[in-house]
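Structure assessment
If you want the building blocks of each chain, they are given just below.
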Amino acid sequence: MEVLELRTYRDLQYVRSMETLMRSLDARLRAADGSLSAKSFQELKDRMSELLPLSSVLEQYKADTRTIVRLREEVRNLSSSLAAIQEEMGAYGYEDLQQRVMALEARLHACAQKLGCGKLTGVSNPITIRAMGSRFGSWMTDTMAPSADSRVWYMDGYYKGRRVLEFRTLGDFIKGQNFIQHLLPQPWAGTGHVVYNGSLFYNKYQSNVVVKYHFRSRSVLVQRSLPGAGYNNTFPYSWGGFSDMDFMVDESGLWAVYTTNQNAGNIVVSRLDPHTLEVVRSWDTGYPKRSAGEAFMICGVLYVTNSHLAGAKVYFAYFTNTSSYEYTDVPFHNQYSHISMLDYNPRERALYTWNNGHQVLYNVTLFHVISTAGDP
């Protein structure tokens, strides 16, 4: 439900930003006497094309409605199971009841995981939130924050930067108001930063050190070298920009995507402990990082685009749960022709991108099947 609430708020902000354009188009159409000049007609066509992302918003609302129907059905089944347990309370001892309740909790947790996870099958048309900053940069929200927290963080540039802007809400970010500034004690490299549970995780410039910076205390909580990781444009994505190390968060936690000399420049995916920054487990995907445009994690699966330029698509998927991969063909509309940051936010189930000085969002479609079979 938090995902739906966040999406509704985010898309409402976008629709509101389109209101002026829609009123202008309506006024021009009403004023037209049926004999538009070729120039006026082309101008109207160009303006109408700016409204195309609204169709993606409406399609996502339809998909979310189907999710709610499945959730309602599973909650109904779980409620029946709970009622059955209540009726049988007199026939069971405390330990038996505890086991049944634990099984019920596990089933509810599994339901939540299935609702949130699945295989990527589609990426929506882009929704441009704002055009701000240089050609390269990153912007994000906290993937672990409660729904009432809609702060946005903004980091312009891809190396030597230390200035992080924190906007109070997405609406404030769109308007460029109500923000505070954080000055990092160590400069960053690349654009693969992520905000997770109140802290910023980033690559320290000219090193393979991961830094965890806590916003509230304005201090570095921990920093640790990522063993063997290339840095300083040794193993960047195809667009360069010191993008050797890329940090990501999905439904299962914090990840680092990078490569080493030992694995011949192929992408390595490592699960990190967010408290200590130690590597929990690593996978060698076999995909050359310099051939990748960008990458992101969803539900333990690494998805890689084949380019950072126009014509890109999601081309490769690596499944950490089975240590296997497959080639994919998911269209990805690169509207402004140069992506330098691409990250998935599991809280909102959306892709955040920095595209040639534009901050852009994409909704994603995941295929998942919820089974309601099983004994209470």
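A few points on the structure. Quantities reported herein were computed from a predicted structural model and do not represent experimental measurements.

Counting secondary structure elements, the chain contains 5 helices and 21 strands. In the chain, which comprises 376 residues, the proportion classed as buried is 51%. Summing over all exposed atoms, the chain offers an accessible surface of approximately 17,800 Å²; the carbon and sulfur share of this is 52%.

The subject of this paragraph is the sheet that holds strand β8 (residues 199-204). One open sheet holds the 4 strands; their spatial order is β7-β8-β9-β10, and the pairing between them is antiparallel. Of all the strands in the sheet, just β7 (188-196) and β10 (219-225) have a single pairing partner and so form its edges. Strand-to-strand twist of the sheet, defined as the mean angle between neighbouring strand axes without regard to direction, takes the value 20°. Across 5 bridges, β8 lies against strand β9 (residues 209-214) in antiparallel orientation. Bridged to Tyr202 within β9 is Val211.

A few words now on the nonpolar core. Among the nonpolar cores identified, the biggest contains 20 residues, and Leu120, Phe296, Tyr303, Phe332 and Leu351 are the most heavily contacted of them. Of all elements in the fold, only β1 (119-123), β15 (295-298), β16 (301-305), β17 (313-319), β19 (339-345) and β21 (358-367) reach the threshold of two or more residues within this core. Counting 17 residues, the second largest nonpolar core, distinct from the first, contains Phe136, Ile267, Trp283 and Leu302.

Notably, Asn178 is not glycine yet its phi reads approximately 55°, a positive angle. Note on placement: Asn178 falls in the loop between α5 (170-175) and β6 (179-183).

Attention now moves to the state of the cysteines. Throughout the structure, instances matching the rule amount to 1 disulfide. Disulfide pairing is shown between Cys117 and Cys299; the S-S distance is 2.3 Å. Handedness here is read from the sign of the S-S torsion; for Cys117 and Cys299, about -105°, the answer is left-handed. Linking Cys117 in the loop between α4 (94-116) and β1 with Cys299 in the loop between β15 and β16, this pair joins segments that are 182 residues apart in sequence. What makes Cys117 buried here is its relative accessible area of 17%.

A few words on the packing of aromatic side chains. A full pass over the atoms with the stated rule returns 25 aromatic pairs. Aromatic side chains Phe136 and Trp239 sit 5.6 Å apart centroid to centroid with 15° between the ring planes, which places their arrangement in the stacked category. With Phe136 in the loop between β2 (127-131) and β3 (137-140) and Trp239 in the loop between β10 and β11 (246-250), this residue pair connects regions lying 103 residues apart in the sequence. Like Phe136, the residue Trp239 is buried in the burial classification. Ring geometry for Trp255 against Trp283: centres 5.8 Å apart, planes inclined by 45°, an arrangement best described as tilted. Taken as a pair, Trp255 in strand β12 (residues 253-258) and Trp283 in strand β14 (residues 279-288) lie far apart in primary sequence, 28 residues in all. The class of Trp255 is buried, set by a relative accessible area of 2%. Ring-pair connections join several aromatic residues into one group, and the members of that group are Trp139, Tyr154, Phe167, Phe173, Phe179, Tyr352 and Trp354. Positioned above the aromatic ring of Phe173, the side-chain terminus of Arg130 is 5.6 Å from the ring centre. The side chain of Arg271 reaches across the aromatic face of Trp255, ending 5.6 Å from its centre.

What counts, and where the lines are drawn
- Residues numbered from 1 in each chain as written.
- Predicted model: local features only at pLDDT ≥ 70, side-chain atom pairs only at ≥ 80, totals over all residues.
- Heavy atoms only, no water.
- Helix = DSSP H or I, 4+ residues; strand = E, 2+ residues; numbered from the N terminus.
- Buried < 20%, exposed > 50% of the residue type's maximum accessible area, 1.4 Å probe, protein only.
- Areas by Shrake-Rupley, 256 points an atom, 1.4 Å probe, with all protein chains shown as cover.
- Pairing = 2+ DSSP bridges.
- Axes fitted to C-alpha atoms, helices over the stretch in contact; angles between N-to-C directions.
- Core = buried A, V, L, I, M, F, W, Y, C linked by side-chain atoms within 4.5 Å.
- Disulfide = S-S within 2.5 Å.
- Phe/Tyr/Trp six-rings, centres within 6.5 Å; stacked < 30°, edge-to-face > 60°.
- Lys NZ or Arg CZ within 6 Å of the ring centre and 35° of its normal.

Read these as spatial facts, not as claims about activity.
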